[in-house]
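# Topology and contacts: notes
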Amino acid sequence: MIIKRAIIRIIGAITHRTFNNKRFNIQGTSLLSEIPNDNVLFISNHQTYFYDVIAMLHVFNASVNGRSDSLKNILYLLNPKSNIYFIAALETMKTSLISKILSYAGSILIKRTWREAGKNINRSIRSEDFDNIIKALNDGWVITFPRGTTDNSKPVRSGTAHIIKAANPLVIPVRIDGFGDVFKKNSLKIINKNKHFSIKFGNPLKFYDNQSIESITSQIEKIID
């Protein structure tokens, strides 16, 4: 936990200027101060390997420290919220030094069931992966990208629906826009400092016990498109 908080502080300090500017628009964070401290699942579209999560870490910590749709005053990083987790592919987070460091900021590393090393595969979900996600939800907030990829042409995977069925979390949709225009997809490089980008939090979603996996997956796909 000490390492995790230190990494969040360091990454936050390095990237704070990137997000604390007029080009980055934040909406809907008032609800973050009203939701439970655990069993909350954030579902989001996905545009970059690293900056999507880094932005959410900034916004979450700023919001729980009294900022509303703002990242002003970096002091919110002094005592970062430690029970924030994000689901990431094991393959992705082991490819570079940056990804390995970021993985200590709260990643739940899973093996993809549908793709590995650039090839399509078909394997069962590892039980330990699913168990780790449920443990993280029991402890706090979990971020997931239901497509499991930055390629928006790919379908939403059913894994998120299985999580919702098993844990019955409070589900909050997140919409990010413009990240792919500003940041390089697979590194921390900024490719355009003049473009605008944004993050928006939607109202909590309600799913019903009798909904099928297929129904939940279809609903999620409509939300993050």
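Residues numbered from 1 in each chain as written. Predicted model: local features only at pLDDT ≥ 70, side-chain atom pairs only at ≥ 80, totals over all residues. Heavy atoms only, no water.

## Examining the packing of helix α1 (residues 2–19) against helix α2 (residues 51–64)
- Two elements in contact, α1 and α2, have axes whose closest approach is 10 Å; the angle formed by their N-to-C orientations is 95 degrees. The orientation of α1 with respect to α2, classified from their angle, is roughly perpendicular. Here Ile8, Ile11, Gly12, Thr15, His16 and Phe19 of α1 lie close against α2, whose contacting residues are Tyr51, Ile54, Ala55, His58 and Asn61.
- Broken down by class, the residue content of the contact of α1 with α2 amounts to six nonpolar, five polar and no charged. (Axes fitted to C-alpha atoms, helices over the stretch in contact; angles between N-to-C directions. Helix = DSSP H or I, 4+ residues; strand = E, 2+ residues; numbered from the N terminus. Parallel < 35°, antiparallel > 145°, perpendicular 65-115°, else oblique. Contact = heavy atoms within 4.5 Å. Nonpolar A, V, L, I, M, F, W, Y, C, P; charged D, E, K, R; others polar.)

## Let's talk about α1
- For α1, built from 18 residues, the straight-helix expectation of 26 Å at 1.5 Å per residue is met to within 8% by its first-to-last C-alpha distance of 24 Å.
- The axis of α1 is deflected most strongly, by about 40 degrees, at Ala13.
- Where α1 is concerned, the buried positions are Lys4, Ile7, Ile8, Ile11, Gly12, Thr15, His16, Thr18 and Phe19.
- Packed against the buried residues of α1 are β1 (24–27), α2, β3 (84–89), α4 (97–103), α7 (179–182) and β9 (197–201). (Expected span 1.5 Å × (residues − 1). Bend = angle between axes of the 7 residues up to and from the residue. Buried < 20%, exposed > 50% of the residue type's maximum accessible area, 1.4 Å probe, protein only.)

## A closer look at the packing of aromatic side chains
- One pass over the full model with this rule turns up 16 aromatic pairs.
- For the pair Phe19 and Phe183, a centre-to-centre distance of 6.0 Å together with 40 degrees between the ring planes defines the contact as tilted. With Phe19 in helix α1 and Phe183 in the loop between α7 and β9, this residue pair connects regions lying 164 residues apart in the sequence. As far as the burial class goes, Phe19 and Phe183 line up, both buried.
- Consider the rings of Phe42 and Phe60, whose centres lie 4.6 Å apart with planes at 40 degrees: the pair is tilted. Linking Phe42 in strand β2 (residues 40–44) with Phe60 in helix α2, this pair joins segments that are 18 residues apart in sequence. (Phe/Tyr/Trp six-rings, centres within 6.5 Å; stacked < 30°, edge-to-face > 60°.)

## Some words on the environment of Ser158
- As for its placement among the helices and strands, Ser158 is situated in the loop between β7 (141–144) and α6 (159–167).
- A residue is classified by how much of its surface remains accessible, and Ser158, at 35% relative accessible area, is partly exposed.
- Between the alpha carbons of Ser158 and Ile220 there is a distance of 9.6 Å; along the sequence they are 62 residues apart.
- Residues in contact with Ser158, not counting those within four places in the same chain, are Ile213 and Thr217.

## Comments concerning the layout of surface pockets
- The space that makes up the second largest pocket amounts to roughly 160 Å³.
- As for the second largest pocket, its lining consists of Ile10, Ile11, Ile14, Thr15, Phe50, Ile54, Ile98, Ile101, Leu102 and Leu188.
- Put simply, the parts of the chain that give the lining of the second largest pocket at least two residues each are α1 and α4.
- If you tally residues by element for the lining of the second largest pocket, the top one is α1, at four residues.
- The class makeup of the residues in the lining of the second largest pocket is nine nonpolar, one polar and no charged. (1 Å grid on protein atoms, 1.4 Å probe; cavity = no way out; pocket = protein on both sides within 12 Å on 5 of 7 lines; lining within 4 Å. Points joined across faces, edges and corners; volume = space filled by probe spheres on them.)

## Description of the pattern of salt bridges
- Within the structure shown, the criterion is met by two salt bridges.
- With its nearest N and O atoms 3.7 Å apart, the salt bridge here joins Arg147 to Glu221. One end of the pair, Arg147, is in the loop between β7 and α6; the other, Glu221, is in helix α8 (residues 213–224), and 74 residues separate them in sequence.
- Taking the relative accessible area as the measure of exposure, Arg147 reaches 5% and is therefore buried.
- Taking the relative accessible area as the measure of exposure, Glu221 reaches 25% and is therefore partly exposed.
- In this structure, Asp177 and Arg175 form a salt bridge, with 3.3 Å as the shortest nitrogen-oxygen distance. (Salt bridge = Lys/Arg side-chain N within 4 Å of Asp/Glu carboxyl O.)

## Considerations on the sheet that holds β2
- On the basis of which strands lie adjacent, the open sheet formed by seven strands has the order β1-β9-β8-β2-β7-β3-β4 and mixed pairing. Both edges of this open sheet fall to β1 and β4 (107–110), since each of them pairs with a single strand only. In this sheet, neighbouring strand axes are inclined to one another by 20 degrees on average, regardless of whether the strands run parallel or antiparallel.
- Inspection of the sheet shows β1 paired to β9 by four bridges, in the parallel sense. Note that in β9 the partner of Gln27 across the bridge is Lys200.
- Contacting β2, β3, β7 and β8 (170–177), α6 runs over the sheet at an angle of about 160 degrees to β2. (Pairing = 2+ DSSP bridges.)

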